[in-house]
Amino acid sequence: MGPATATAREQAAVVPVTRLGPDGVLAPGCDPALSSAEALAAFRLMLLTRTYDERAFSLQRQGRLGTFSPVTGQEASVVGSAWALDPTRDWVVPQYRELPAMLRQGHTLEKVLLYQMGNPVGNRMEEGVNVLPIQISLAAQVPHAVGLAWGLRHQGLDACVITYFGDGASSEGDVHEAMNLAGVRRASVIFFLQNNGFAISTPVAKQTATESFALRAAGYGFPGELVDGNDLFAVYEVTRRAVERARAGEGPTLIESRTYRLGPHNTADDPTRYVDPEELRSWQALDPIVRVRAWLRSEGALDDASEVELQAELDGEVARAVAAAEAFPKVRPGQIFEHVYARPPDRVAAQWESVGEAGSA
Amino acid sequence: MAVLNMVEAIRQTLADEMARDGRILLLGQDIGRNGGVFRATDGLQERFGEDRVVDMPLAEAVIVGASVGLAASGLRPVAELQFLGFGSQAFHQIEGQVARMRFRSQGRYGMPLVIRAPFGGNVRTPELHSDAHEAKYVNSPGLKVAMPASAYDARGLLAEAIRDPDPVLFCEPLRGYRRIKDEVPDADYTVPFGQARLVRDGTDVAVIAWSAAVTVAAEAAAQLAADGISCAVLDLRTLVPLDVRALAEVVARTGRAVVVHEAPMTAGFGAEVIATIQEEAFWSLEAPIGRVTAYDTPYPIASVEEHYLPSIERVKHAIRRVAGEV
Ligand SMILES: Cc1ncc(C[n+]2csc(CCOP(=O)(O)OP(=O)(O)O)c2C)c(N)n1
């Protein structure tokens, strides 16, 4: 699986590493970073994510689900990076737009739905699922990832941590502080910055003046890589390299995954107010799913019949998760108090008991 | 005179103040082309240009921190925090810098700036978007804190905040943006800080609230009037400065009081109100003062938020208890 030698521009992290072209053809001289069986499994997860987004959108419109942020357009970026980890020992520290990375680590669609349908227990990862909760306070997760990697190493564990954050979140001070510390401690962290063009309505050009976020790594004393985030193979290859560095004790890597948010920021957002339709069309032509599909077909790993079958299977998987989440016992007001403290102060315990008082339904 | 909702009143005030004073600059996330996530600044960038309505990088500390410098340069920044919950990312700038710069510089650098921040529940937001954090800010001497509960006050208090030489945290109730509507004069006016508004007068119990909780208190009072309990409802309008005299006067009339707020109970601003009443009107009191607050838990998931926030029922119950009926 020898990747093509990176060009000088690639190494300078100003031109994205690209392997699989928009037409699904590998760049000359490149070997596929994944076997066709593995690529098919990754494709399945990408398609599951797209299928889920579409279903969840319609559930949200019917009032059966709360606000959520679709992954649409970023499937290669999230799946390719998560694929480079070993879920049995490595950790994912997410923002909120990384559903398939969480699934890859063992979280379930049913729990994701449960949370989005308004039951907080859905946000609890089961034992053995190495994922911290999704983060709403942008960038706050990035220092956590550094501490987590540090702590795992301190306890002699050969584990690395990937943390996801957006181009918007990258402007927060927490990111600077975390990267600086990670460099100093040579923490086994992969800072995976998904540059999807926007932070809600704010375009990247108003977020930063740099031509590549990846260049920032130099200032922290570790390598930065820029990758075509709509290219499953390139994302996997670059993240794999970062994982190997982390495992070898060589410290952190910053990866800028350059991708595009094809959908709205979330279900409450109206992107027609600020997205240039031309730009959107140009990125729709770079759909990450289309590329992998074309490659798998050219390899004979996928055809019309098997894709119809796969789609039906994924539809069923999503439908079963929706049914299970909807059948789950309804959220109770008492859950407001559950897990706030391990040992609740008396006053809080008294408030807990009072719930329901005066018919406060 | 037109009936406006709160977000319309705020937008109109920003536009009028910017037209009046060329030193005013708006800074925030998504406030330009998108007009703010709640459209509070809709159309303002088109009208006043990108140099005066500035889309900022996603970093609250630098939005507020740069405002300090802008103010020191002689401008009048009006910064928007997309949600008060993310004021935490700027807290060291707000509490440690904005609030103290006048004192630190012994009057050389006043901070005539405004930080606008939506907050509060009942609109089904994700975590950290609905929290009522006002108590964290009132404990920052040097800073004023405004809490409008009506569209009329949103306009009058915002104009006052912008013209005030001191820095003001201006908290806008999310649920009021579209649901709270009332008559707002076109003419220029301001609502002075530190003057509470008597929403309704009454003789049995004084209900004290601010921001969206005023609506809940007023509704509870209206319902209890039918049952023969006469409640006064006092809207504090600003927490800093606090209208101590209005508190003392209303309690002198009723002898009984209930405080209502959306923030958790422990060390919420209700505690300050109760301590103040105790100091100023102790001899008028006929019963312990009640409080109806959120619980001492993080703001819960949206599906159960109506159990967390003070409801009309909970307020009525507390009033009845304070009135000695239950
Ligand atoms: C500290 C903080 N400030 C503001 C917000 C409100 N907010 C939610 S998502 C978002 C944009 C995030 O953009 P980015 O990090 O690029 O991630 P993306 O949504 O594009 O995946 C903003 C401003 C927040 N959640 N947290």
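Just so we're clear, the structure is a prediction, and the values are computed from it rather than from any experiment. (Residues numbered from 1 in each chain as written. Chains lettered and ligands numbered in written order. Predicted model: local features only at pLDDT ≥ 70, side-chain atom pairs only at ≥ 80, totals over all residues. Heavy atoms only, no water.)

Caption draft 1: Structural view of the overall build of chain B. When helices and strands are tallied, chain B shows 13 helices and 14 strands. Relative to a compact globule of 326 residues, whose C-alpha radius of gyration would be 20 Å, chain B shows 19 Å and is just as compact. If you line up chain B on its principal axes, its C-alpha atoms span 60 × 40 × 40 Å. Accessible surface for chain B amounts to roughly 11700 Å². Of this, 50% is attributable to carbon and sulfur atoms. If you average the places of the 33 positive and of the 42 negative side-chain charges in chain B, the two averages end up 2 Å apart. (Helix = DSSP H or I, 4+ residues; strand = E, 2+ residues; numbered from the N terminus. Rg over C-alpha atoms; globule rule 2.2 N^0.38 Å. Areas by Shrake-Rupley, 256 points an atom, 1.4 Å probe, with all protein chains shown as cover. Lys, Arg positive; Asp, Glu negative; His and termini not counted. Charge placed at Lys NZ, Arg CZ, Asp CG, Glu CD.)

Caption draft 2: Looking closely at the overall build of chain A. Each helix and strand counted, chain A has 12 helices and seven strands in total. Projected onto its principal axes, the C-alpha coordinates of chain A cover approximately 70 × 50 × 40 Å. The buried share among the 361 residues of chain A stands at 55%. Here the contacts in chain A between residues at least 6 apart in sequence split such that 75% fall between residues at least 24 apart. For chain A, the accessible area works out to roughly 14800 Å², and carbon and sulfur atoms hold 54% of it. In chain A, 33 side chains carry a positive charge and 45 a negative one; their mean positions are 3 Å apart. (Buried < 20%, exposed > 50% of the residue type's maximum accessible area, 1.4 Å probe, protein only. Contact = heavy atoms within 4.5 Å.)

Caption draft 3: Local environment of the pairing of strand β10 (residues 205-209) of chain B. All names here are of chain B. Within β10, five of the five residues are buried, which leaves it mostly tucked inside the rest of the structure. Sheet topology note: the β10/strand β11 (residues 231-235) ladder contains five bridges and is parallel. Across the sheet, residue Val207 finds its bridge partner in β11, namely Val233. Note that β10 and strand β13 (residues 257-264) share three bridges and pair parallel. Along β13, the bridge assignment pairs Ala206 with Ala257. (Pairing = 2+ DSSP bridges.)

Caption draft 4: Looking closely at the sheet that holds β13(B). All names here are of chain B. Strands sit in the order β9-β11-β10-β13-β14 across an open sheet of five strands; the sheet is mixed. A strand with exactly one partner marks an edge of an open sheet, and here the two such strands are β9 (197-200) and β14 (290-294). Neighbour to neighbour, the strand axes of the sheet diverge by 25° on average, direction disregarded. (Axes fitted to C-alpha atoms, helices over the stretch in contact; angles between N-to-C directions.)

Caption draft 5: Spotlight on the confidence of the model for chain B. Predicted confidence across chain B gives a mean pLDDT of 97, with 100% of residues reaching 70 or more. In the predicted assembly, ipTM is 0.94 and pTM is 0.96. (pLDDT = per-residue confidence, 0-100.)

Caption draft 6: Summary view of the site of the ligand. The environment of the ligand is formed by 21 residues, the closest being A:Tyr96, A:Arg97, A:Ile136, A:Gly168 and B:Glu60. Near the ligand, residues from chains A and B are present, making the site a shared one. Side-chain polar atom of A:Asn196 to an oxygen atom of the ligand: 2.9 Å apart, as the coordinates give it. Contact between the ligand and A:His265: an oxygen atom at 3.4 Å from a side-chain N or O atom of the residue. (Near = heavy atom within 4 Å. Polar contact = N/O pair within 3.5 Å; in protein donor to acceptor, adjacent residues only side chain to side chain.)

Caption draft 7: Region of interest: the domain arrangement of chain B. All names here are of chain B. Taken as a whole, chain B is organised into domain 1 (2-184) and domain 2 (197-322). Taken together, the contact pairs 26 residues of domain 1 with 26 residues of domain 2. For the domain 1 and domain 2 pair, buried surface summed over both sides reaches about 2000 Å², with 56% attributable to carbon and sulfur atoms. Sorting the residues of domain 1 by area buried against domain 2 places Arg124, Met147 and Arg175 first, and these three jointly supply 25% of that buried surface. At the junction of domain 1 and domain 2, the tally comes to four salt bridges. Glu262 is the salt-bridge partner of Arg175, the closest N and O atoms lying 2.3 Å from each other. (Domains from an automatic or database assignment. Buried area = accessible area lost by both parts, 1.4 Å probe. Salt bridge = Lys/Arg side-chain N within 4 Å of Asp/Glu carboxyl O.)

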